[in-house]
Amino acid sequence: MESAVVNGGVSFWLQQLPAVPARPTLRGAVTADVAIVGGGLSGLWAAYHLTAERPDLRVVVLEAERVGWGASGRNGGWLSQLIAGNRARYAAGREGEAGVARLQREYLDGIAEVVAVADQHGLQIDAHRGGNLVVATTKAGLARLRARAAADLHHGLPAGNVQHLDPAGVAAHIDVHGAVGGLHYPDVTRIDPAKLVRGLADVLEARGVVIHERSRATSVLPGWVTTAGGTVQAPHILLATEGYSGPLLGKRSIIPVNSSMVATRVLTDEEWARVGWAGLDCLSDAAHTFIYAQRTADGRIAIGGRGNPYRFGSGTGGDGHTPQATIDLLSARLRAYFPSVDTRIEYAWSGVLGVTRDWCTSVSFDRATGIGHTLGYAGHGVTTAYLAARSLAHLSLGLDTPHTTLPWVDYRSRSWEPEPLRWTGVHTMYRLFRVADWWEERQGSEQTCWIGRTAGHLAGLHD
Ligand SMILES: Cc1cc2nc3c(=O)[nH]c(=O)nc-3n(C[C@H](O)[C@H](O)[C@H](O)COP(=O)(O)OP(=O)(O)OC[C@H]3O[C@@H](n4cnc5c(N)ncnc54)[C@H](O)[C@@H]3O)c2cc1C
């Protein structure tokens, strides 16, 4: 039986904001200099960067549902330094490791830039730079964290931007039951994602950008975007539909991977003191089936993880209703980490993130057709959307900037397998990850077990 949880309804974050009337649907034929498809962070940041460079540009954004309806209004609210994609693959590109290090620098700067933009425009996004505590509760997990930190340094993260922690060091950040060690990344900044995406849309409208909601692009051809109600004629068209890109770009180009979140009741000050979560760090763990969490501004734990990872045929899951089994899984992790407090769940929701076949981001603009895209953030999209949209905006304007030569520019991943192989592969991979977690805990493995290594290699996650 389902517990009394507010389930779906897009996200907890959006439900906390005042309801606002929908923006007008596109009706009839309009012209613009740039048409952007997708009103999430990527589409809106693209409009932001375009109009920052060229305030006179006529930009129209088409959003199928409402601004922030996709992952941008549903995510965990981590502005993170984690590079979306496989760094080793990026390093095989034009600029080698130097390109990856440059990308890493962009992420570190990007976190601060997003917060600065919000401040500049008076957006209250509940930003707090508490860092990211990654805990290990098994020896194998700890070994993975050591390897991860070494890879971070190898790929250009400055030494001061990651710190190793012993169990006491972990507890000094958050008292996670059973922690055997961890890492701390000081730059990660917690935000309220819905406040960011909604606020950004308002900023753009003040700049003269036109946003149409409930205006799904049904076809994109050079110079034309068509919706059920109208057309936009524009020489440049930028696709920013991430996990929802299948219908426009082909279901084998990117898959929608599901991520689910729950938010607890509001904890009391005394309970927060008991879990020792004073610094507002974002929390994640070293499990193969990892979780990510934040302490919300109103005093809840919002925690996410995979649950049912993928729907047959690249389904995108509507307004985010979440199966009870997934809610139970996330609740169990909360109880294991914080046994001394009541972590009863009050909200649950889910969303999809876009994953390319090798987990890498692709930003591209074809001058011949005037069509460009940004996609494939693999669940690390809050900072990435800001950066990748800047690459795309600058490419479409024909600018030659450091952002137009980042490793993700013109990066191509191979196609996903057709169904039913796609469904079978993704589900097998996550099943293996679950078994690997169970095995490592049971055996007390010192290193990642062969099952976890196999799943990681199958997934192409290793860098
Ligand atoms: C539950 C969850 C938790 C996450 N947590 C984090 C996190 O903490 N940190 C992090 O860095 N990343 C996180 N991510 C990933 C991050 O949210 C995304 O990578 C990022 O928001 C992608 O932004 P986007 O604008 O590219 O895509 P989206 O926000 O998905 O926006 C795409 C938009 O395009 C619209 N659209 C689709 N098709 C059409 C069409 N044909 N015509 C018009 N519009 C269309 C959709 O309605 C949607 O609004 C999370 C994702 C999920 C789902």
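Each chain has its residues counted from 1, running along the sequence as written. Two thresholds apply to this predicted model, a pLDDT of at least 70 for residue-level local features and 80 or more for giving and counting side-chain atom pairs, whereas whole-chain, interface and lining totals are computed over all residues.

Along the protein chain, the regular secondary structure elements total 13 helices and 21 strands. All radius of gyration figures rest on C-alpha atoms, and the globule criterion is 2.2 Å times the number of residues raised to 0.38. In terms of overall size, the protein chain behaves like a compact globule, its C-alpha atoms giving a radius of gyration of 21 Å where 463 residues would be expected to give roughly 23 Å. Its C-alpha atoms give the protein chain principal-axis dimensions of roughly 60 × 45 × 45 Å. Sorting the 463 residues of the protein chain into buried and exposed places 54% on the buried side. Counting only contacts in the protein chain whose residues sit at least 6 apart along the sequence, the fraction spanning at least 24 positions is 78%. Labels follow the DSSP assignment, with helices taken as runs of H or I lasting at least four residues and strands as runs of E lasting at least two, numbered in each case from the N terminus. Exposure criterion: with C-beta atoms placed from backbone coordinates, a residue whose C-beta has 20 or more other C-beta atoms within 10 Å is buried, one with 12 or fewer is exposed, and one in between is partly exposed. The contact criterion used here is simple: two residues whose C-beta atoms, placed from the backbone, lie within 7 Å are in contact.

A set of buried residues drawn from Ala, Val, Leu, Ile, Met, Phe, Trp, Tyr and Cys, joined through C-beta atoms within 7 Å, is what defines a nonpolar core. If you look at the biggest cluster of nonpolar residues, it comprises 136 residues, and the most contacted ones within it are Ala-35, Ile-36, Val-37, Leu-44, Ala-46 and Ala-47. The element that contributes the greatest number of residues to this core is helix 11 (residues 381–396), accounting for 9 residues.

Helix length check: helix 12 (residues 421–443) (23 residues) gives 32 Å between terminal C-alpha atoms against 33 Å at 1.5 Å per residue, within 8%. Those residues of helix 12 that fall on the buried side of the exposure criterion are Arg-422, Val-426, Tyr-430, Leu-432, Phe-433, Ala-436, Asp-437 and Glu-440. Lining the buried residues of helix 12 we find helix 5 (139–154), strand 15 (255–264) and helix 13 (450–459). Note on helix 12: the residue one or two positions beyond its end, Gly-444, has a positive phi of about 65°. Take the residue count of a helix, subtract one, and multiply by 1.5 Å to get its expected span.

On to the site of the ligand. In this analysis, residues qualify as near a molecule or strand once their C-beta atom, positioned from backbone atoms, comes within 6 Å of it. As a structural note, the neighbourhood of the ligand is formed by 43 residues, with Gly-40, Gly-70, Gly-76, Gly-351 and Gly-381 the closest of them. By residue number, the principal contributor to the shell around the ligand is helix 11, which donates 4 residues. Classifying every residue of the shell around the ligand gives 18 nonpolar, 20 polar and 5 charged. Note on residue categories: nonpolar means Ala, Val, Leu, Ile, Met, Phe, Trp, Tyr, Cys or Pro, charged means Asp, Glu, Lys or Arg, and polar means any other residue, Gly included.

Looking now at the confidence of the model for the protein chain. It should be kept in mind that the predicted coordinates are not to be read in detail where pLDDT is low. Confidence of the predictor at the level of single residues is given by pLDDT, which spans 0 to 100. Taken residue by residue, the protein chain gives an average pLDDT of 96. The fraction at 70 or more is 99%. In the model of the protein chain, helix 13 stands out as the element of lowest mean pLDDT, 87, in contrast to strand 4 (residues 59–62), which has the highest, 99.

Quick look at the environment of Leu-267 now. Along the polypeptide, Leu-267 turns up in the loop between strand 15 and helix 9 (269–275). Its 21 C-beta neighbours within 10 Å are what place Leu-267 among the buried residues. Note: C-alpha distance between Leu-267 and Ile-301 (34 residues apart in sequence) is 8.1 Å. Setting aside residues up to four positions removed in sequence, Leu-267 forms contacts with Trp-272, Gly-299, Arg-300 and Val-341.

For two strands to pair, DSSP has to find at least two bridges joining them. Pairing geometry for strand 11 (residues 217–221) and strand 12 (residues 224–227), over 4 bridges, is antiparallel. Looking across to strand 12, one finds that Leu-221 is bridged to Trp-224. Two successive antiparallel strands, strand 11 and strand 12, enclose a turn made up of 2 residues, where Gly-223 displays a positive phi of approximately 90°.

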